[in-house]
Amino acid sequence: MTTAFRHIPFPPLQVFAAATAGLLTLPLLYIGFLALSADPAVWVRLWATRIPELLINTVSLAAGVSLATCVLGVSFAWLVVRFDFPGRRIWEWALVLPLAMPTYVLAYVYTFILGMGGPFPLFPPHSFAGATLVMTLDTFPFVYLLSRAAWLNLNVSFEEVARACGASRFETLWRVTLPLLRPAIVAGLALVILYVVSDFGAVSLLRYQTLTYAVYQQMTGRYDHTAAGILSLLLVVIALVFLVAERWFRRKSRFYQTAGRYRAPERKRCGPLGTLFATGYLAIVLGAAFLVPAALLVRWSLSAIVQGAVDGRFVGFIWNSTVLSGGTATCAVVIGIPLAYLAARHPSRFNLACLQAAYAGYVLPGPVAALALLVLFSHVAPFWYGSIVVLVVAYIVHFLPAGLQSLEPALQQVTPNLEQAARSLGLGMRETLQRVTLPLVRNGFIAAWVLMFLHCMKELPATLLLRPVGFDTLAIRVWLEASEEYYQLAAPSALLIVMLTLPALMLLVSKDWRATRTR
């Protein structure tokens, strides 16, 4: 990037980016103000009655799920990268499928499976074990995906040197391989922890008391926004601590492959016994995480259709979900482009600060963002209170960071020299964007749109709190019917969410798969 190009000013874009960043950080700032300005008596009451239990439950659930997902994700990646057995390529893809199953769908399926009268009443679903099982089955692909990429990029020369120096297989694994994989594993676990502490759907259906569930109860049961604000601030602090810790750990754990001596790992052919073990292990977990729940959803959906439980209202639920998700994703891409463009082409402190401010939604779980917007709109713009506008804003605040993660790299991969050449040949800024930049970054922008569309389709807590009266989405119908244990009535909406999510999920994963498939 040339210096002259870097300093070309774009006042309108910068004003737009600054205004956007300010609006996106407003909910986070308001939550801090609401909690810190509360009467000390409220803090004392909550600390004496709720906070210790909620903190212990939230942190212990995150720790339990992290441990289980670490074991599953790393071992799955090790099997498909280091061994060759019949069906290995299918398993590589299939292990991502649980990401298409929202946690609240898995929670309501396991309420039936583990509940009284269910096929496997091994332990109560409304317990720590039940919540840990459901969250583990839904989130282990995060660790698997990142660990698999790390296993594929691992230079086996390091392991061979360790073996040549007399280290046993276990010592090589413990002292060489796992330390090299540690950054990827930690990144995967950070995603899992953030997902668990901000989840509302599964813990609410399983009646497991965590901070997100308590925020919802304070807002809807006791209408105590001050107490909800205090609990929300604790939730934000926990999320911030995990994010800062993960960034610090990654900076302290950078490893580099030695250039020119890299050797990719070779897969070891499994015998009949090894194939049986690997296939059985993968089949049990994938069956519990996706195949069995999907089969139950299909059976219940067919039963509901035969009984006439699926009527014309169902079309309205599909329409609401699709239009709301598609419209929000489109708005978020339009809003995110100036932020990503300025940060990529003109990375001044001001532009980078605007981009970082837009990531504030990362530490705002759904109920927390909903609480802030609910109170803000009721005071600042009461004419929009209870309208679809508030819901769209909540989605953008919460999911724009996910889109920015695709928008920003897409722009960074296009050399500014191409745009500069177009400008020197007489094209204006708009023509340069239309004829040069946008065609080159189109795939990255489409990925950002798809990613935010997926998140919006599955979103539950903000929709539950902010939707206009009578405006039901597929996720809302699943939660309402499942909370009353009407399994058959909830199944069609749940199955449709999974079916709509699967193609988009495969599209996103295939992009990374193509880059590593040849290894």
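Residues numbered from 1 in each chain as written. Predicted model: local features only at pLDDT ≥ 70, side-chain atom pairs only at ≥ 80, totals over all residues. Heavy atoms only, no water.

Chemist: Hey, could you run me through the overall build of the protein chain in this one?
Modeler: Scanning the protein chain from terminus to terminus reveals 22 helices and 2 strands. Taken against the 2.2 N^0.38 rule, which gives 24 Å for 519 residues, the C-alpha radius of gyration of the protein chain at 24 Å falls within 12% of a compact globule. Projected onto the principal axes, the alpha-carbon positions of the protein chain cover approximately 75 × 70 × 50 Å. Within the protein chain, the fraction of its 519 residues that count as buried is 55%. If you take every contact in the protein chain between residues at least 6 apart in sequence, the share linking residues at least 24 apart comes to 83%. Of the charged side chains in the protein chain, 38 are positive and 22 negative; the average position of the first set lies 10 Å away from that of the second. (Helix = DSSP H or I, 4+ residues; strand = E, 2+ residues; numbered from the N terminus. Rg over C-alpha atoms; globule rule 2.2 N^0.38 Å. Buried < 20%, exposed > 50% of the residue type's maximum accessible area, 1.4 Å probe, protein only. Contact = heavy atoms within 4.5 Å. Lys, Arg positive; Asp, Glu negative; His and termini not counted. Charge placed at Lys NZ, Arg CZ, Asp CG, Glu CD.)

Chemist: Explain the pattern of salt bridges here, please?
Modeler: Oppositely charged side chains can form a pair if their charged atoms are brought close together. Evaluated as defined, the whole model comprises 8 salt bridges. A salt bridge links E92 to R88, with the shortest nitrogen-to-oxygen separation between them at 3.2 Å. Taken as a pair, E92 and R88 lie in helix α5 (residues 88-94) at a separation of 4 residues, close to a single helical turn. A relative accessible area of 5% means that E92 is categorised as buried. Judged by its relative accessible area of 7%, R88 falls in the buried class. In the salt-bridge network here, residues are joined through shared partners; they are D84, R88, E92, R148 and R269. (Salt bridge = Lys/Arg side-chain N within 4 Å of Asp/Glu carboxyl O.)

Chemist: Is there a simple way to explain unusual backbone geometry in this structure?
Modeler: Glycine aside, the phi torsion of most residues is negative, and most peptide linkages are trans. Positive phi, normally seen in glycine, also occurs at R207, with a value near 55°. Checked against the element boundaries, R207 lands in the loop between α10 (201-205) and α11 (211-220). Owing to a relative accessible area of 45%, R207 belongs among the partly exposed residues under this scheme.

Chemist: What is the right way to look at the packing of aromatic side chains in this model?
Modeler: Two aromatic rings, taken as a pair, are described by how far apart their centres are and by the angle between their planes. Applying the stated rule across the entire model yields 21 aromatic pairs. Taking 6.1 Å as the distance between ring centres and 55° as the angle between the ring planes, the aromatic pair formed by Y395 and F399 counts as tilted. One end of the pair, Y395, and the other, F399, are both in helix α17 (residues 388-412), 4 residues apart, so they sit about a helical turn from each other. For the pair Y395 and F399, one class covers both residues: buried. Linked through ring pairs, F76, F140, F277 and Y281 together constitute an aromatic cluster. (Phe/Tyr/Trp six-rings, centres within 6.5 Å; stacked < 30°, edge-to-face > 60°.)

Chemist: Whenever I open this one, the side chain of E159 confuses me. Can you help?
Modeler: Structurally, E159 can be placed in helix α8 (residues 156-164). With relative accessibility at 13%, the residue E159 sits in the buried group.

Chemist: In this structure, what is going on with the nonpolar core? I would like to understand it.
Modeler: For soluble globular proteins, the rule of thumb is that nonpolar side chains tend to be buried together. Y108 and L297 are the most contacted members of the largest nonpolar core, which has 166 residues in total. Among the elements that line this core, the one with the most residues is α17, at 13 residues. (Core = buried A, V, L, I, M, F, W, Y, C linked by side-chain atoms within 4.5 Å.)

Chemist: I keep staring at the side chain of S493 and nothing clicks. Help me out?
Modeler: Counting through the fold element by element, S493 comes out in helix α22 (residues 487-516). S493 has contacts with F314, L474, R477 and V478, leaving out every residue within four places of it along the chain.

Chemist: Which parts of the structure should I look at to understand the packing of α8 against helix α9 (residues 169-198)?
Modeler: Helix-helix packing: each pair is described by the crossing angle between the helix axes and the interaxial distance. Direction vectors running N to C along α8 and α9 enclose 150°, while the axes themselves pass 10 Å from each other. As judged from the angle between their axes, α8 and α9 are roughly antiparallel. In the packing of α8 onto α9, the handedness of the crossing is right-handed. Across from F158, E159, A162 and R163 in α8, the residues of α9 making contact are R169, T172, V176, T177 and L180. Considered class by class, the residues forming the contact of α8 with α9 number 4 nonpolar, 2 polar and 3 charged. (Axes fitted to C-alpha atoms, helices over the stretch in contact; angles between N-to-C directions. Parallel < 35°, antiparallel > 145°, perpendicular 65-115°, else oblique. Left-handed = near helix turned anticlockwise from the far one by under 90°. Nonpolar A, V, L, I, M, F, W, Y, C, P; charged D, E, K, R; others polar.)

Chemist: Looking at this model, I keep getting lost on the environment of V285. Mind explaining?
Modeler: As for its position among the elements, V285 is in helix α13 (residues 272-306). Along the sequence, V285 and A295 sit 10 residues apart, while their C-alpha atoms lie 15 Å from each other. Excluding anything up to four places from it in sequence, V285 contacts L72, F76, L137 and F140.

Chemist: Teacher, can you tell me more about the packing of helix α14 (residues 313-345) against α17 here?
Modeler: Packing of α14 against α17 brings their axes to within 6 Å, and their N-to-C directions diverge by 45°. In terms of their interaxial angle, α14 and α17 are classed as oblique. Considering the relative orientation of α14 and α17, their crossing is right-handed.

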